[in-house]
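# Working through the structure, step by step
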Amino acid sequence: MAASVNFKTYVDQTCRAAEEFVNIYYDTMDKRRRVLARLYLDKATLIWNGNAVSGQEALKEFFEMLPSSEFQVNMLDCQPVHEQATQSQTTVLVVTCGRVKFDGNKQRYFTQNFLLTAQATPTSTVWKIASDCFRFQDWAS
Amino acid sequence: IVFDVEAPTTLPPCKGSYFGSDDLKVLVLRFLQQYYSVYDSGDRQGLLDAYHDGACCSLSIPFLSQNPSRSILSEYFKGSRNVKKLKDPTLRFKLLKHTRLNVVAFLNELPKTQHDINSFVVDVCAQTNTLLCFAVHGVFKEVDGKSRDVVRGFTRMFIAVPAGITGLCIVNDQLFVRKANTEEIRKAFVMPAPTPSSSPVPTLSA
């Protein structure tokens, strides 16, 4: 049963990483937007309501253009991504939903998902966003 | 004294599906059509072929402030994994379905459904040689039980690895089910479902 014990520990770690990430991500989004792009990998892609944005510079520009925000997350789920898909690079799927009020706009419901990867450096492990997909639940209306 | 520090208030326009390439569009739409034809068939056992041995699956619904048993999503409540509210590691682990057999057994227990393929909007979020990650947004209705004909909205994340020449094998599956909004209910199932004799790949309107 060693494998399942390890998997349980792994799931546990995944949840803690996801919880911590979500707190930091939305806090940075709302209050320190100018450093938000630093949470992304250099080659990360964001699909924002069908608009694709790739790379640090483009992401920085995109986030500057977005009105200021107040996010409220009320659901968070996460899964460890299978190693066969990630070539053994520790990766977590994070799914959130909640409400957001962008300045000058009405409050809307959203769903968002991220792939986070653990980047090991000689001294520590830093989590970065590899992909980010955001949609309003009523995007078509 | 006036300073020009006008903050932006305009959001970028919302767009339809993002596939990244025509090849991916064909691949993903063919997969979804096959997947949901089995998922909606009344017996989801056939989905065993779609999942990897070590696949994971979980379900979640929005946080409910009212009594969950009275909620319209009550059939989904007991399987719902909201890590923001569930702090017990044992329960968190239990609600993450792991291995192919457990995943399909779990899906088989969920209410029987009919998905509106024409409502689907797909975002291909990430693609590498070993991974394809995409989100499907759309509506379905229940075809059985006390919520028969109730339309619901969903977002589902699939992460798949390549299988065979053109196939996909699911390693991660996260299903989020919510109330449909008025606009979604109005538009749901207005287009006839694609018939087997029509084009093998459904076209998305958006």
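In the block above lies the structure referred to throughout.
So, here is what we can say about the structure in this document.

Here we take up the overall build of chain B. Summing up its helical and strand segments, chain B has five helices and seven strands in all. Traced from its N-terminal end to its C-terminal end, chain B shows the element sequence α-β-α-α-β-α-β-β-β-β-β-α. The burial tally for chain B puts 49% of its 206 residues in the buried class. If you take every contact in chain B between residues at least 6 apart in sequence, the share linking residues at least 24 apart comes to 65%.

What follows concerns the overall build of chain A. Looking only at helices and strands, one finds three helices and six strands in chain A. Against the 2.2 N^0.38 benchmark of 14 Å for 141 residues, chain A shows a C-alpha radius of gyration of 16 Å, consistent with a compact globule. The principal-axis extents of the C-alpha atoms in chain A amount to approximately 55 × 30 × 25 Å. Expressed as a percentage of the 141 residues in chain A, the buried residues total 55%. Here the analysis covers contacts within chain A between residues at least 6 apart in sequence; of these, 55% occur between residues at least 24 apart.

This paragraph deals with the sheet that holds strand E2 (residues 51-54) of chain A. Strands belonging to one sheet form pairs held by backbone hydrogen bonds; the direction of such a pair is parallel or antiparallel. All names here are of chain A. The sheet built from six strands is open, its strands ordered E2-E1-E6-E5-E4-E3 with mixed pairing. Because the sheet does not close on itself, it has two edges, and the strands there are E2 and strand E3 (69-80). Averaged over all neighbouring strand pairs, the angle between strand axes comes to 20°, with direction disregarded. Pairing of strand E4 (residues 91-102) with strand E5 (residues 108-120), which is carried by ten bridges, proceeds in the antiparallel orientation. For Val 100, the partnering residue across the bridge sits in E5 and is Arg 108. Relative to the sheet, helix H2 (residues 56-65) contacts strand E1 (40-48) and E2, its axis offset from that of E1 by approximately 45°.

Let us now look at the state of the cysteines. Residues and elements named next belong to chain A. According to the stated counting rule, one finds zero disulfides over all chains in the structure shown. Counting only cysteine sulfurs, Cys 15 is the nearest neighbor of Cys 78, a cysteine outside any disulfide, at a range of 3.8 Å. Cys 97 takes part in no disulfide bond, and the closest cysteine sulfur, belonging to Cys 78, lies 14 Å away.

As a further point, take a nonpolar patch on the surface. All names here are of chain B. On the surface, Ile 1, Phe 3 and Val 5 cluster together into a nonpolar patch covering about 470 Å² of accessible area. When you line up the elements, Phe 3 lands in the segment before helix H1 (22-39). The exposed category is assigned to Phe 3, whose relative accessible area is 67%.

Describing an aromatic ring pair means giving the distance of the ring centres and the angle of the ring planes. Residue and element names in this part refer to chain B. Overall, the coordinates contain 33 aromatic pairs over all chains when judged by the stated rule. Considering the side-chain rings of Tyr 36 and Phe 120, the 5.3 Å spacing of their centres and the 70° angle between planes classify their relative orientation as edge-to-face. Placement of the pair is Tyr 36 in helix H1 and Phe 120 in the loop between strand E3 (113-115) and strand E4 (121-127), with a sequence separation of 84 residues. The class of Tyr 36 is buried, set by a relative accessible area of 2%. The class of Phe 120 is buried, set by a relative accessible area of 3%. When the centroid spacing of 5.7 Å and the interplanar angle of 75° are considered together, the rings of Phe 120 and Phe 154 count as edge-to-face. Taken together, the residues Phe 120 in the loop between E3 and E4 and Phe 154 in strand E6 (residues 151-163) connect sequence positions 34 residues apart. Note on accessibility: Phe 120 and Phe 154 belong to one class, buried.

Attention shifts here to the pattern of salt bridges. Applying the stated criterion across every chain, the model contains 16 salt bridges over all chains. Note that Asp 138 of chain A and Lys 106 of chain A form a salt bridge whose closest N and O atoms lie 3.5 Å from each other. Of the two residues, Asp 138 of chain A sits in the segment after strand E6 (125-136) while Lys 106 of chain A sits in the loop between E4 and E5, which places them 32 residues apart along the sequence. For Lys 106 of chain A, a relative accessible area of 54% translates into the label exposed. Across the pair Glu 184 of chain B and Arg 178 of chain B runs a salt bridge, and its minimum N-O distance is 2.8 Å. The residues Glu 184 of chain B and Arg 178 of chain B share a single accessibility class, namely buried. Through salt bridges that share partners, Glu 19 of chain A together with Lys 87 and Arg 92 of chain B make up one connected network.

The next point concerns unusual backbone geometry. Of note, the phi angle at Gln 87 of chain A is positive, near 50°, even though the residue is not glycine. Despite not being glycine, Asp 149 of chain B shows a phi value in the positive range, around 70°. Locating Asp 149 of chain B in the fold gives a position in the loop between strand E5 (132-142) and E6. Note on Asp 149 of chain B: relative accessible area 47%, which makes it partly exposed.

Cut-off values and rules
- Residues numbered from 1 in each chain as written.
- Chains lettered and ligands numbered in written order.
- Predicted model: local features only at pLDDT ≥ 70, side-chain atom pairs only at ≥ 80, totals over all residues.
- Heavy atoms only, no water.
- Helix = DSSP H or I, 4+ residues; strand = E, 2+ residues; numbered from the N terminus.
- Buried < 20%, exposed > 50% of the residue type's maximum accessible area, 1.4 Å probe, protein only.
- Contact = heavy atoms within 4.5 Å.
- Rg over C-alpha atoms; globule rule 2.2 N^0.38 Å.
- Pairing = 2+ DSSP bridges.
- Axes fitted to C-alpha atoms, helices over the stretch in contact; angles between N-to-C directions.
- Disulfide = S-S within 2.5 Å.
- Patch = residues over 30% accessible without salt bridge, like charges linked within 9 Å, V, L, I, M, F, W, Y side chains within 5 Å.
- Areas by Shrake-Rupley, 256 points an atom, 1.4 Å probe, with all protein chains shown as cover.
- Salt bridge = Lys/Arg side-chain N within 4 Å of Asp/Glu carboxyl O.
- Phe/Tyr/Trp six-rings, centres within 6.5 Å; stacked < 30°, edge-to-face > 60°.

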